[in-house]
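Residues per chain, in single letters:
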Amino acid sequence: MPSTIYIYSIFSNPLTRKALFLLLLLLFGVRPIYSQSVLLRDKGDGSVVPNVFIYDSDQARSVMSDSRGKADLSLFNEGDILVFQHPAYHTIQRSYRELLDNDWVIKLEGRTIDLDKLTITATSWRQSRDEVPNRIISLDPEQLSFYNPQTTADMLSSSNEVFVQKSQLGGGSPMLRGFSANSVLLVVDGVRMNNAIFRSGNLQNVISIDPNMLDDSEVILGPGSVIYGSDALGGVMAFHTLNPQRGSAEKANISGQLLTRYSSANQERTVHSRINVGLENWAFLTGVTYSSFDHLRAGGSYPDHYPDFGKRTHYVKRIHGQDSLVANKDPNIQNPSAYHQLNLSQKVRYSANDHLNITYGFHHSQTSDIPRYDRLTEPSEAGLRFGEWYYGPQKWTMHNLVVNLRHITQLFDHGRVSVSYQDYLESRHDRRFQDHWLRNRTESVDAYQASLDLDKQLTGRSSLYYGGEAVWNRVVSTANRECINTSQTVVQAPRYPSGGSDYRTFAGYLFYRHKLHESLSIKGGVRYSRVNVRADFSGESLSFYELPFSHITLNTGAVNGLTGISWAPGENWDLSFSASSGFRAPNVDDLAKVFDSEPGSVVVPNKDLEPEYARNLEASVGYKAGPFLHMELTGFHTWLDNAMVRRNYHFNGKDSIMYDGRLSNVLAMVNESAAVIYGGSARATAQWGRGWSASANYTITLGQDQQGVPLRHVPPAFGNASITYNTGKIKGSFYVNYNNALEKHNMAPCEQAKTHMYTHDGSPAWHTLNAMFSWNIHRTAEVSFGCENILDRHYRPYSSGISAPGRNFILSLRLNLDNQSNQFFSDESQRATAGKK
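Residues numbered from 1 in each chain as written. Predicted model: local features only at pLDDT ≥ 70, side-chain atom pairs only at ≥ 80, totals over all residues. Heavy atoms only, no water.

With that out of the way, let us pick up the overall build of the protein. Counting its secondary structure elements, the protein contains 11 helices and 53 strands. Scored against the burial criterion, the 837 residues of the protein give a buried share of 57%. If you take every contact in the protein between residues at least 6 apart in sequence, the share linking residues at least 24 apart comes to 67%. (Helix = DSSP H or I, 4+ residues; strand = E, 2+ residues; numbered from the N terminus. Buried < 20%, exposed > 50% of the residue type's maximum accessible area, 1.4 Å probe, protein only. Contact = heavy atoms within 4.5 Å.)

Pasting the structure below:
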């Protein structure tokens, strides 16, 4: 009875009744539009064309073809003229009648060079790239399938414009413009992946994203706080997973893919499969990926001046209940580094009508134990410091419900509501060499997010984007010590406050775009964010550490802005300029963590820590020298105020304390008054003849704090050069990746202290020669093969605790199945049966 009364009281409210009436009117009072999907094919060989951007003439609505070349046109009206755009094909326009006459199949004619700018996501909506003043790195499905990256971290690295650090094989921490870890933002289908315990040290969470279930991805360089809020100082990595594709009333849309891949350097064995079932109103997409990686083999050709750099001569093995140092038969095998991983994805899409789409997404990733290789190679007087150091299974689960509404009202033309929940579980386990006690630390995070994004086309040349977001994270941290001989356990101080921690943010943003002329557009936006953090040290934290406080609270806000201009003064030139600001509020990891950062040092909480702020200027110029050459140069300068950096600290008046049985130097995250980061990138592409192309890019970043001390996440200059031949059916590429040296005195103090990871001079320069090939045997089958690090160089990227793969042979087979391929196999089967008769 009480629940009945409660429900009655809700519906008796006049405001509630009006809201329900408006919702029903929006859902069912709209006129149907397109209900078909279009198939994009190459006019030459008939192969499907993914990553084609389709938008109306006003650029108010847009979609993109998926990896099977299909795009759902339900967002458009019958009277719209649609534009089909892809950098490798001529841009065309088609009306509804023309699409109908061609049975919803569009054939694109190839072009000689990548001249057009892609449509990208620099706001919550897609827009023309030539109107975006930021530097954008686009990663499309074609690039993904060709280079065959093992993980999403490797996929980012394959762009040759994102530097990726690895502490172990099962990892990968992207560095963007001198920022990394919790100062760059990971976004999956519009949902923040960063949580309250993302640390300032290197992270490996990006490997939880399945690269085989991605439709396309973008890296937006520079502060992105106006759209995305806290953490987006160095940039935003936005990943878009595949969407279920609908069928029709007459025919279901059934398609799928099967991928199997082998890599020799770590004996990788990956199997991926997915299937799409699309009905008239419902569509389902299911994907499964399993990967197994053995111990990684590094290169056998060592640098001339460092013949023993990175060699694994011994490792720890448990023999008769005792730790023993065992000689490594092959010092290039980095033992232990093996692990395996499982990814599951399920998306369900319901189209109530052609204006309303509801999509539910489920993503789950789980690894095995992952050995922390950099810690397992730390030396000591006994030989090695640790007998065991591994991450427990890293588990990530995301549930995401998205409602997209296309309906022209006075307030908006397009509305997007997203509600998500993420469950993170991670753990760390370490034991000193010949010690019987294993320390176990486990953290779990429940992350909730709700967001509303609206856009309104004010005139034919101007649009308004606005919305809001709320985030809540709950952190629970536990720890114990376990005797590996007796299984006895004792309570241990956890990594984070034992009483639990909460992290909350609330924000609203406004973004405006105006096209002054066909060649000139301006943009501007503002966002206000409020951040609240509370960490409770009651319980084990207080009993183990003599903390001068029982809890830490933070309540702060920030206003961030962005303005930019894009100008094409002629057919051959593109110019852009932007000024932006960003901020990062301290999270639970910054404020309240206790851990050992490196041998002999311990990081303690700092209750006086404040947010850091970034101001950024960026300019870019692009030049097209005729139809064959395109060059682009970008420069940036970032001023970081109140920068959060790790420095020597006094805890209860002491500069050293006992931690984990060892007298350790005290460090803490503190606010420096200023730091600067600056640099730039250059990129050039050229095409000639029939199918030949070449490209080169170079990235350099420099940075230091106000005392002139180098910043930790500023990598050495790096780049890539390649030459490619592509006929459509056969594609081959020979490329060089290279990295400059970083001398020891130019490294951050915390990096200099990791002597086991570097040579006595610092981080050596390196380069690799590589080759990749793919062959489309049939439009349903593709074979890829290649060799990375052909010369078998032994090298270790800056800040990495594990050496990179040596000579690595890669072989993969990809099968794509759709309704037409099913018909093809059915016809072939019938012909074979008829032949036998």
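Attention shifts here to the packing of aromatic side chains. Tallied over the full model, the rule gives 17 aromatic pairs. When the ring of Trp692 is compared with that of Tyr725, the centres are 4.8 Å apart and the planes differ by 45°; the resulting orientation is tilted. Taken together, the residues span a long stretch of sequence, with Trp692 in strand 46 (residues 692-705) and Tyr725 in strand 47 (residues 718-726) at a distance of 33 residues. Members of the aromatic cluster, joined through ring pairs, are Phe146, Tyr147 and Tyr735. The ring of Tyr302 is capped by Lys311, whose NZ or CZ atom sits 5.1 Å from the centre of that ring. Here the basic side chain of Arg372 rests over the ring of Trp389, its NZ or CZ set 5.3 Å away from the ring centre. (Phe/Tyr/Trp six-rings, centres within 6.5 Å; stacked < 30°, edge-to-face > 60°. Lys NZ or Arg CZ within 6 Å of the ring centre and 35° of its normal.)

Across all of its chains, the model carries 37 salt bridges by this definition. Glu618 is the partner of Arg177 in a salt bridge, and the nearest nitrogen-oxygen pair spans 2.9 Å. Here Arg177 is found in the loop between strand 12 (173-176) and strand 13 (179-180), whereas its partner Glu618 is found in strand 42 (residues 612-625), with 441 residues between them in sequence. Here Asp705 makes a salt bridge to Arg647, at a shortest N to O gap of 2.5 Å. On the criterion of sequence distance, the pair formed by Asp705 in strand 46 and Arg647 in strand 43 (residues 629-648) is long-range, its members being 58 residues apart. Residue class for Asp705 comes out buried when judged on its relative accessible area of 4%. Owing to a relative accessible area of 22%, Arg647 belongs among the partly exposed residues under this scheme. Taken together, the salt bridges that share partners define one network made up of Arg318, Asp323, Glu388 and Arg431. (Salt bridge = Lys/Arg side-chain N within 4 Å of Asp/Glu carboxyl O.)

Spatial strand order, 11-12-13: 3 strands in an open sheet with antiparallel pairing. Taken across any chain shown, the strands that pair with only one partner, and hence form the sheet edges, are strand 11 (163-165) and strand 13. Bridge count between strand 12 and strand 13: 2 bridges; the pairing is antiparallel. Paired with Leu176 across the two strands is Phe179, which belongs to strand 13. (Pairing = 2+ DSSP bridges.)

Here we have 3 strands laid out as an open sheet, ordered 4-1-7, and mixed in their pairing. Bordering the open sheet on either side are strand 4 (70-72) and strand 7 (105-108), each of which pairs with just one other strand. Neighbour-to-neighbour, the strand axes of the sheet open up by a mean angle of 25°, direction not taken into account. Here 3 bridges tie strand 1 (residues 37-42) to strand 4, and the two strands are oriented antiparallel to one another. Note that in strand 4 the partner of Val38 across the bridge is Ala71. (Axes fitted to C-alpha atoms, helices over the stretch in contact; angles between N-to-C directions.)

Here we come to the side chain of Lys456. Following the sequence through the fold, Lys456 ends up in strand 33 (residues 437-457). A distance of 2.5 Å separates the side chain of Lys456 from the backbone oxygen of Thr409, its partner in a polar contact. Leave out the neighbours within four places in its chain, and Lys456 touches Ile408, Thr409, Gln410, Leu411, Phe412, Asp413, Ser463 and Leu464. (Polar contact = N/O pair within 3.5 Å; in protein donor to acceptor, adjacent residues only side chain to side chain.)

Another aspect to go through is the environment of His436. Structurally, His436 is set in the loop between strand 32 (414-432) and strand 33. With a relative accessible area of 27%, His436 lands in the partly exposed category. Separated by 46 residues in sequence, His436 and Glu482 have C-alpha atoms that sit 8.1 Å apart. For His436, the residues in contact, after removing those within four places along its chain, are Arg318, Gly321, Gln322, Arg431, Glu482, Cys483, Ile484 and Asn485.

What follows covers a nonpolar patch on the surface. A cluster of nonpolar side chains, Tyr360, Leu401, Val417, Val419 and Leu452, forms an exposed patch at the surface whose accessible area comes to about 380 Å². Among the secondary structure elements, Leu452 is positioned in strand 33. Leu452 sits in the partly exposed class, given a relative accessible area of 37%. (Patch = residues over 30% accessible without salt bridge, like charges linked within 9 Å, V, L, I, M, F, W, Y side chains within 5 Å. Areas by Shrake-Rupley, 256 points an atom, 1.4 Å probe, with all protein chains shown as cover.)

Looking now at the side chain of Asn195. When you line up the elements, Asn195 lands in the loop between strand 15 (191-192) and strand 16 (214-221). A polar atom in the side chain of Asn195 sits 2.9 Å from the backbone nitrogen of Ile197.

Sheet analysis places strand 36 (residues 501-517) next to strand 37 (residues 520-536), joined by 16 bridges and oriented antiparallel. Bridge pairing links Arg504 to Asn532 in strand 37. Between strand 36 and strand 37, which pair antiparallel and follow one another directly, the connecting turn spans 2 residues. Examined bridge by bridge, strand 37 and strand 38 (residues 551-570) share 17 bridges and lie antiparallel to one another. Within strand 38, the residue paired with Lys523 across the bridge is Gly564.

Moving on, we get to the nonpolar core. Ranked by internal contacts, the top residues of the largest apolar core, which has 86 residues, are Leu156, Val206, Val219, Met237 and Phe239. It is strand 45 (residues 662-688) that contributes the most residues to this core, 6 residues altogether. Contact partners of Val206, with chain neighbours within four places excluded, come to Thr152, Ala153, Leu156, Gly172, Leu186 and Phe239. Judged by nonpolar contacts, the second largest core, of 18 residues, contains Leu40, Val52, Tyr89 and Leu99. (Core = buried A, V, L, I, M, F, W, Y, C linked by side-chain atoms within 4.5 Å.)

Burial of strand 12 is two-sided: the residues Ser173 and Met175 facing one way and the residues Pro174 and Leu176 facing the other way are all buried. Across 3 bridges, the pairing between strand 11 and strand 12 is antiparallel. Bridge pairing in strand 12 places Phe163 opposite Met175.

This part covers unusual backbone geometry. A cis amide bond links Asn335 to the next residue, Pro336, at an omega of 0°. With phi around 55°, Asp103 is a residue other than glycine that occupies positive phi space. On the secondary structure map, Asp103 appears in the loop between helix 3 (96-101) and strand 7. Relative accessible area serves as the criterion here: at 63%, Asp103 is assigned to the exposed category. One non-glycine residue, Asp189, lies in the positive phi region at around 50°. Within the secondary structure, Asp189 is located in the loop between strand 14 (185-188) and strand 15. A relative accessible area of 14% places Asp189 in the buried class.

By the secondary structure assignment, Ala558 is in strand 38. Separated by 27 residues in the primary sequence, Ala558 and Ala585 place their C-alpha atoms 8.9 Å from one another. Not counting the four nearest positions on each side in its chain, Ala558 is found in contact with Arg527, Tyr528, Ser529, Phe583 and Tyr613.

To continue, consider the confidence of the model for the protein. When pLDDT is averaged along the protein, the result is 87, and 89% of the positions lie at 70 or above. Every residue in residues 112-120 is under pLDDT 50, and counting partners more than four places away or in other chains gives 45 contacts. (pLDDT = per-residue confidence, 0-100.)

This part takes up the environment of Ala479. Considering the arrangement of structural elements, one finds Ala479 in strand 34 (residues 462-483). Non-local contacts of Ala479, meaning those with residues more than four positions away in its chain, are made with Asn440, Arg441, Val491, Gln492, Ala493 and Pro494.

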